[in-house]
Amino acid sequence: MNQNSWIESANGHPEFPLQNLPLGIFSAGGGARTSGIAIGEYVLDLEGVLNSGLLDNEAETAVLATRGGSLHKYFDLGRIHRVALRNQVMALLTEGSEHAEVVALHLRPMEQCEIHLPSKISDYTDFYVGIEHAVNVGKLFRPDNPLLPNYKYVPIGYHGRASTIRPSGVDVIRPVGQTLAPGSSVPAVGPTDRLDFELELGVWIGTGNGLGQPIPISSARDHIAGYCLLNDWSARDIQAWEYQPLGPFLSKSFHTTISPWIITAEALEPFRCRVPARPDGDPAPLDYLSDNQDQAQGLFDIQLEVLITTEAMRKSELPPHRLSLSNTQVMYWTPAQMVTHHAVNGCQLQPGDLLGSGTLSGPHPSQYGSLLELTKGGKEPIALPSGEHRYFLEDGDEVIMRARCVREGHESIGFGECKAKVVAQIQGLGNC
Ligand code: MN
């Protein structure tokens, strides 16, 4: 169904056509933070639409729950309210809507809007469901034993840092930490030399669960409010020294970037796909992680792209250079399995919790989702169109991630950019 909008820039828009309608929090002209929906080149101010009397019932309740500049109360309302809001806004924006003139008063040019974090983030957990990445990284650390035996039974994750998650566009300050130089027996402290990105899918939790109340796999999907792109910035030298025995700590917690629009399950519905059969010899998921519907349509076909620009490239007006083109279909575990496993011990998930998928690398080197993999552990540099080369990120480098869903017979949708620039540590170590 390829219906059009009366907003011309929405029709055929690569990211935000009528079929997408992602929710976010924005401000315009220094005003207060308020909720909006991205449509073409505009943000639709939902408070304005509500005040014009154009929303009712669950859609009205949904917008009222976004007041205060955070979507976490809206997340808590769950699917019925989310769908009601989507359907009513879609009707208002569809070609032929009798309310077009009034709705048009509440459109703000997106270029004049600042897009903020969509919600207070209660907790952030990063998984490791990209099996190619797990194998590639495992090989660097343990050539003989790349994949640990738990991987095919447990959706592995670690508890990340929620306070340092920022929306697209906020600079990343090069972190300082302890590293052990090769051949050295005593660590030194200083700015990381091995700053990296990780290409990930973000999963927003909608309704939570009570303490001690697991989430069955058959209803896990109902607890997901939507999706975003996530860049799990990583300092590989700090990580290598600190990661045993308890996993990543300061090598990851300095900054995480997300695309700020919430892409809903309803917008992604046409792009669902089957979980591929596991290779011969792999165990079936344990019962609590097995569900026929989830196996039949629990993954998405989302193209994921990573690009880079350096200061020299921008000076020479060179376009961003593609480092990777991957897809969410490489996930070994589905978002529903991540949710169910997270809560199997009775852990309480809350509205506005954020889950990262882990780096989503494909099997081919052009699909690798981190520099650690692209440069084979910092051994083989990447050549850039400016004549520069990179092992890891340098100050001034900007990493841009994009996600796009394309399927015959459906309007394509995108996630909006997840980008940020690396800047030098300003204070210097002596002041910290
Ligand atoms: Mn990660």
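Our subject in this report is the structure included herewith. (Residues numbered from 1 in each chain as written. Predicted model: local features only at pLDDT ≥ 70, side-chain atom pairs only at ≥ 80, totals over all residues. Heavy atoms only, no water.)

**Things to note about the environment of Glu95**
Spelled out, the test is: By definition, any uninterrupted DSSP run of H or I lasting at least four residues is a helix, any uninterrupted run of E lasting at least two residues is a strand, and each is numbered from the N terminus. In what follows, residue pairs with any heavy atoms lying within 4.5 Å of each other are defined as contacts.
Looking at the element boundaries, Glu95 is found in the loop between α4 (79–93) and α5 (100–104). Beyond its immediate sequence surroundings of up to four residues, Glu95 is in contact with Asn4, Ser5 and Trp6.

**What about the packing of aromatic side chains?**
Inclusion rule: Pairs were defined over the aromatic rings of Phe, Tyr and Trp, the Trp ring being its six-membered one, requiring ring centres within 6.5 Å. Orientation was assigned from the angle between planes: stacked under 30 degrees, edge-to-face over 60, tilted for the rest. Each residue is assigned to one of three classes by its accessible area relative to the maximum for its type, calculated with a 1.4 Å probe on protein chains only: buried under 20%, partly exposed between the two thresholds, exposed over 50%. Remark: a charge is flagged as sitting over a ring if the NZ atom of Lys or the CZ atom of Arg is within 6 Å of the ring centre and within 35 degrees of the ring normal.
Taken as a whole and assessed by the stated rule, the structure comprises eight aromatic pairs. Taken together, a centroid distance of 5.8 Å and an interplanar angle of 50° make the contact between Tyr151 and Tyr332 tilted. One end of the pair, Tyr151, is in the loop between α6 (131–141) and β7 (157–159); the other, Tyr332, is in the loop between β20 (321–327) and α11 (335–343), and 181 residues separate them in sequence. Here the aromatic rings of Tyr227 and Phe300 are separated by 5.0 Å at their centres, their planes lie at 75°, and the arrangement is edge-to-face. Taken as a pair, Tyr227 in strand β14 (residues 224–231) and Phe300 in strand β18 (residues 299–300) lie far apart in primary sequence, 73 residues in all. The exposure class of Phe300 is buried, given its relative accessible area of 2%. Put simply, the rings of Tyr128, Tyr151, Tyr332 and Trp333 pair up and form one aromatic cluster. Sitting over the ring of Trp333, Arg278 keeps its end group 4.6 Å from the ring centre.

**Things to note about α6**
Residues Ile131, His133, Ala134, Asn136, Val137 and Gly138 constitute the buried set of α6. Elements that come into contact with the buried residues of α6 comprise α12 (371–374).

**Thoughts on the pattern of salt bridges**
Oppositely charged side chains can pair when the atoms bearing their charge come close. Applicable threshold: In the sections that follow, a salt bridge refers to a side-chain nitrogen of Lys or Arg positioned within 4 Å of a carboxyl oxygen of Asp or Glu.
Across all of its chains, the model carries 19 salt bridges by this definition. The partner of Lys376 in a salt bridge is Glu380, with the nearest N and O atoms 3.8 Å apart. Residue Lys376 is classed as partly exposed on the basis of its relative accessible area of 40%. With its nearest N and O atoms 2.7 Å apart, the salt bridge here joins Asp397 to Arg390. For the pair shown, Asp397 and Arg390 are each scored as buried.

**Notes on the packing of helix α2 (residues 57–64) against α4**
For the record, the criterion: In this analysis an axis means a line fitted to C-alpha atoms, helices contributing only their contacting stretch, and an angle means the value between N-to-C directions, from 0 to 180 degrees. Throughout, the term roughly parallel applies to angles under 35 degrees, roughly antiparallel to angles over 145, roughly perpendicular to angles from 65 to 115, and oblique to all others. Amino acid classes used here: Ala, Val, Leu, Ile, Met, Phe, Trp, Tyr, Cys and Pro are nonpolar; Asp, Glu, Lys and Arg are charged; the rest, including Gly, are polar.
Running from amino to carboxyl end, α2 crosses α4 at an angle of 105°, the nearest separation of the two axes being 8 Å. Judged by the inter-axis angle, α2 sits roughly perpendicular to α4. Residues Glu58, Ala59, Thr61, Ala62 and Val63 of α2 pack against Ile80, His81, Ala84, Leu85 and Gln88 of α4. Class assignment of the residues belonging to the contact of α2 with α4 gives a composition of six nonpolar, three polar and one charged.

**Focus: the sheet that holds strand β13 (residues 199–205)**
Note the cut-off: Only strands joined by at least two bridges in the DSSP assignment are considered to pair.
Taken in spatial order, the seven strands line up as β7-β6-β21-β13-β14-β16-β8 in an open sheet, and their pairing is mixed. Each end of this open sheet is capped by a strand with a single partner; those strands are β7 and β8 (165–167). Going across the sheet, the axis of each strand differs from the next one's by a mean of 30°, ignoring polarity. Of the pairings in the sheet, the one linking β8 to strand β16 (residues 256–258) comprises three bridges and is parallel in character. Across the sheet, Ile165 pairs through a bridge with Thr256, a residue of β16.

**Some words on the nonpolar core**
For the record, the criterion: Buried residues of nine kinds, namely Ala, Val, Leu, Ile, Met, Phe, Trp, Tyr and Cys, make up a nonpolar core once their side-chain atoms join them within 4.5 Å.
Ranked by internal contacts, the top residues of the largest apolar core, which has 74 residues, are Phe197, Leu268, Ile302, Leu393 and Phe415. Among the nonpolar cores identified, the runner-up in size contains 40 residues, and Leu71, Tyr74, Ile258 and Leu354 belong to it.

**Here we look at the side chain of Ser5**
Of note, Ser5 is situated in the segment before β1 (23–28). If sequence neighbours within four positions are ignored, Ser5 has contacts with Ala10, Asn11, Leu18, Leu93, Thr94 and Glu95.

**Comments concerning the sheet that holds strand β3 (residues 42–45)**
Here we have five strands laid out as an open sheet, ordered β4-β3-β2-β1-β5, and antiparallel in their pairing. One side of each edge strand has no neighbouring strand; the edge strands of this open sheet are β4 (107–109) and β5 (113–116). Sheet twist, expressed as the mean angle between neighbouring strand axes with direction ignored, is 45°.

**Thoughts on α2**
Put simply, the test is: The arc in question is traced by the directions running from the helix axis to the C-beta atoms.
Along α2, the residues classified as buried are Ala59, Ala62 and Val63. The buried residues of α2 occupy an angular sector of 95° when the element is viewed end-on, so they sit on one face. Looking at the buried side of α2, the elements it contacts are α1 (46–51), α3 (72–77) and α4.

**Some details on unusual backbone geometry**
With an omega dihedral of 10°, the bond running from Gln244 to Pro245 counts as a cis peptide bond. Relative to the assigned elements, Pro245 resides in the loop between α7 (236–242) and β16. The phi angle at Lys376 is positive, at roughly 50°, despite the residue not being glycine.

**Topic: the environment of Glu373**
Summarising the element assignment, Glu373 is placed in helix α12. Judged by its relative accessible area of 4%, Glu373 falls in the buried class. Taking the C-alpha atoms as reference, Glu373 lies 9.9 Å from Glu132; in sequence the two are 241 residues apart. Beyond its immediate chain neighbours, meaning those up to four positions away, Glu373 contacts Glu132, His133, Asn136, Thr359, Ser361 and Tyr368.

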